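An overview of the molecular structure
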Protein chains: 2
Amino acid sequence: MLAKIYITLKKDVLDPQGSVIANSLKSLGFNNVEDVRQGKFIEIKLNNKDKDDAQKQLGEMCEKLLANLVIEDYKIEIE
Amino acid sequence: MLAKIYITLKKDVLDPQGSVIANSLKSLGFNNVEDVRQGKFIEIKLNNKDKDDAQKQLGEMCEKLLANLVIEDYKIEIE
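The structure reproduced in this document is the subject of the present report. Remember, it's a predicted structure, so these values are computed and weren't measured experimentally.

1. Here we look at the pairing of strand S1 (residues 2-9) of chain A
Residue and element names in this part refer to chain A. Of all eight residues making up S1, six are buried, and the element is well covered by its neighbours. When S1 meets strand S2 (residues 33-46), the two strands line up antiparallel, connected through six bridges. Residue Tyr6 lies in a different strand from S2, and its bridge partner there is Phe41. The pairing of S1 with strand S3 (residues 72-78) spans seven bridges and is classified as antiparallel. Residue pairing across strands places Tyr6 opposite Lys75, the latter belonging to S3.

2. Topic: the side chain of Lys4 of chain B
Looking at the secondary structure, you find Lys4 of chain B in strand S1 (residues 2-9). The class for Lys4 of chain B is buried, based on a relative accessible area of 13%.

Here is what the cut-offs are and how they apply
Residues numbered from 1 in each chain as written. Chains lettered and ligands numbered in written order. Predicted model: local features only at pLDDT ≥ 70, side-chain atom pairs only at ≥ 80, totals over all residues. Heavy atoms only, no water. Buried < 20%, exposed > 50% of the residue type's maximum accessible area, 1.4 Å probe, protein only. Helix = DSSP H or I, 4+ residues; strand = E, 2+ residues; numbered from the N terminus. Pairing = 2+ DSSP bridges.

Everything listed here is a matter of geometry and, on its own, says nothing about what the molecule does.
Structural data, given as structure tokens:
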């Protein structure tokens, strides 16, 4: 099964990379841009058969390795 | 409106960062991991009112700045 993990900075954490993207887009003429936040997107192919078990393992992966919970949030989707 | 953009490496492009994540997960004991691909996730807040217009602008943003179309694919979702 394929899992998709979205890792984003928490709302109160500054995102300088996002600001640079926003400024670049504005300088290209996209004046409708109000705010940009950049995050990570990770696709993991698993050979688990049980979806609940996979969900639990993916949560552990995020907490142990993929996300920095002090400044980041994560969201897991399993297809 | 809020747009979400997912930028992923094309299937045939090597993803060394994904491989490192896969190996790290395996060494942490997650032996069910078969493959990992890492991409980017960008949230853009726009003050457009027309969804079709926003969709078109976001496509241009991806092609001009956000994605490298030689090696990357992009997907746009508007909420």
